[in-house]
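Here is how the chains run, residue by residue.
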Amino acid sequence: MTKAQGKAVAKDCGRATRITTALTQWFRANARDLPWRATDAKGRRNAYHALVAEAMLQQTQVSRVLEKYSAFIARFPDVHALANATEEEVLSAWSGLGYYRRARHLHHAAKNICKNHEGKVPEDAESLRRLPGVGRYTAGAIASIVYGHAEPVVDGNVTRVQLRLEASDQRQGEPATERWAWKHASDLVARAADPGAFNEAMMELGATVCTPGVPRCEACPLRKACRAASLGLASTLPVPKVRAGRRAVYHSAVVIRDRQNRLLIQRRPERGLWAGMYQAPTVEREDRAATASEIKKWFGLARIVEKERFVFLTTHREVHFAIFTSSPPPSPPAAARWACPSEIAALPLANPHRRILLGEETIQTR
DNA sequence: AACACGGGGTT
DNA sequence: AACCCAGTGTT
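What you see is a predicted model, and the numbers here were worked out from it, not measured in a lab. (Residues numbered from 1 in each chain as written. Chains lettered and ligands numbered in written order. Predicted model: local features only at pLDDT ≥ 70, side-chain atom pairs only at ≥ 80, totals over all residues.)

Colleague: Could you give me a rundown of the overall build of chain A, with the residues and numbers involved?
Modeller: A count of helices and strands for chain A gives 15 helices and seven strands. Along the three orthogonal principal directions, the C-alpha set of chain A runs to about 85 × 45 × 35 Å. For chain A, buried positions account for 37% of its 366 residues. The long-range share in chain A, meaning contacts at least 24 apart out of those at least 6 apart in sequence, stands at 64%. (Helix = DSSP H or I, 4+ residues; strand = E, 2+ residues; numbered from the N terminus. Buried ≥ 20, exposed ≤ 12 C-beta atoms within 10 Å, placed from the backbone. Contact = placed C-beta atoms within 7 Å.)

Colleague: Please give an account of the domain arrangement of chain A that cites residues and values.
Modeller: Each domain of chain A was delimited in the assignment, giving domain 1 (3-230) and domain 2 (247-358). Across the contact, eight residues belong to domain 1 and nine residues belong to domain 2. Considering every element that reaches the side of domain 1 that touches domain 2, the biggest residue donor is helix H5 (residues 87-94), with four residues. Residues of the side of domain 1 that touches domain 2, tallied by class, amount to two nonpolar, three polar and three charged. (Domains from an automatic or database assignment. Nonpolar A, V, L, I, M, F, W, Y, C, P; charged D, E, K, R; others polar.)

Colleague: Summarise the protein's contact with DNA strand B; cite the residues concerned and give the values.
Modeller: Of all residues adjacent to DNA strand B, which total 21 residues, the nearest are Gly98, Pro175, Gly272, Leu273 and Thr315. Among the residues forming the surface near DNA strand B, the class breakdown is eight nonpolar, 11 polar and two charged. (Near = placed C-beta within 6 Å.)

Colleague: Tell me about the packing of helix H9 (residues 156-165) against helix H10 (residues 175-190), residues and numbers included.
Modeller: Close contact between H9 and H10 brings their axes to 10 Å; oriented N to C, the two are set at 85 degrees. Comparing the axis directions of H9 and H10 gives the class roughly perpendicular. Touching Val158, Thr159 and Gln162 of H9 are Thr177, Glu178, Ala181, His184 and Ala185, all from H10. Partitioned by chemical class, the residues of the contact of H9 with H10 number three nonpolar, four polar and one charged. (Axes fitted to C-alpha atoms, helices over the stretch in contact; angles between N-to-C directions. Parallel < 35°, antiparallel > 145°, perpendicular 65-115°, else oblique.)

Colleague: Give me the environment of isoleucine 265: which residues, what numbers.
Modeller: Within the fold, isoleucine 265 resides in strand S2 (residues 263-267). Once the C-alpha coordinates of isoleucine 265 and alanine 275 are considered, the two residues, 10 residues apart in sequence, prove to be 15 Å apart.

Colleague: Got a sec to walk through the protein's contact with DNA strand C? Specific residues and values, please.
Modeller: Neighbouring DNA strand C are 21 residues; Gly135, Tyr137, Thr138, Asp155 and Gly156 lie closest to it. For the surface near DNA strand C, the secondary-structure elements that each account for two or more residues are helix H8 (136-146) and H9. The class makeup of the residues in the surface near DNA strand C is six nonpolar, 10 polar and five charged.

Colleague: Residue-level account of the confidence of the model for chain A, with values.
Modeller: Here chain A averages 91 in pLDDT, while 95% of its residues score no lower than 70. When the elements of chain A are averaged for pLDDT, helix H1 (residues 3-30) gives the smallest value, 80, and helix H4 (residues 79-84) the largest, 98. (pLDDT = per-residue confidence, 0-100.)

Colleague: Before we move on, can you summarise the nonpolar core with the specific residues and values?
Modeller: Judged by nonpolar contacts, the single largest core of 93 residues is most densely connected at Leu51, Val52, Ile142 and Val254. The leading source of residues in this core is helix H2 (residues 47-57), at nine residues. Formed jointly, this core draws a minimum of three residues from each of two domains, domain 1 (3-230) and domain 2 (247-358). Apart from residues no more than four positions distant in its own chain, leucine 51 is found in contact with Ala109, Val121 and Ile142. (Core = buried A, V, L, I, M, F, W, Y, C linked by C-beta atoms within 7 Å.)

Colleague: So what's going on with unusual backbone geometry? Residues and values would help.
Modeller: A cis amide bond links leucine 237 to the next residue, proline 238, at an omega of -5 degrees. By secondary structure assignment, the location of proline 238 is in the loop between helix H12 (227-230) and strand S1 (247-256). The phi dihedral of glutamine 59 is positive, around 60 degrees, even though this residue is not glycine. Residue position: glutamine 59 is located in the loop between H2 and helix H3 (62-75). One non-glycine residue with positive phi stands out, namely asparagine 261, at about 65 degrees. By the element assignment, asparagine 261 lies in the loop between S1 and S2.

Here is the structure:
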């Protein structure tokens, strides 16, 4: 190493240390709540609670998680309770949160922990990552926040903070950018006195101060260190990512009620959209809505009446729903069964079917 | 590297 | 109506 390179490394070390120190101090002074994502109700570190919280936080904002987290923990208070639950119970507790594969992974992870780890959530990031649904982010979050290991954590917030700190015009979401962000996070966390607090601080800064769009630089503890701020680029970085468009799909659902006020329901396939969840009997088409005769033929119905149409939007799809009613068929399809409303309410239902079957106004439609 | 996978909030 | 947010696993 030349003298000049040595100086540059020393300078970067100083910068990294200033950043970790300032950020951790800010977090300690401004922490909104107790570190709920890693502790039990009495404030004790609890890796199972952290596993649940971090699984819920994947692709989901804190406010949405807070609506479901307590009920989930109350229903499955420890890893054994979760491991011994049925998949339907777990999916049901997850209803409304989306990305339901996370719930199934979490369930499998709990079983794995009971079987192979004597009911204790593994401590090191490498073992954590072998659990289903636990990737680099979740492993790093648990290892650092719960166990204090100097493991990096990069979520969308952290990547945005890094890109602004370094005034980088790399596009968020691209593999090279993510590798770069993980490298920076590793360098920073290595100098943090409290890795867990530092990682939480980075995520919290991104969520509350270094926000997408126009950040609140006047309130930022890293303003002096931030290259985007000093160049006046804070609100123009990071450069927006390219987004895939939404694909249209057509779901024709039939609400069929018998004399005892029971409804006909069916379980969705194990893979794909709303995997393993329940719904009113539905005919799906890719390019157009199923015709009335197709729907009648599909379920052996004599007559159907259209009640409503709406479009349910997700990130990747626009689901065009057409809702029909019908009297019961002579012989219900083998794949469907009858259930009363109170039973249905406890089953895992995708949000639109909560409205279709139970009339709950829980979703936005167009 | 590209894709699949939900849902809700803000402008 | 058109933007925004955000990990893991599979292909």
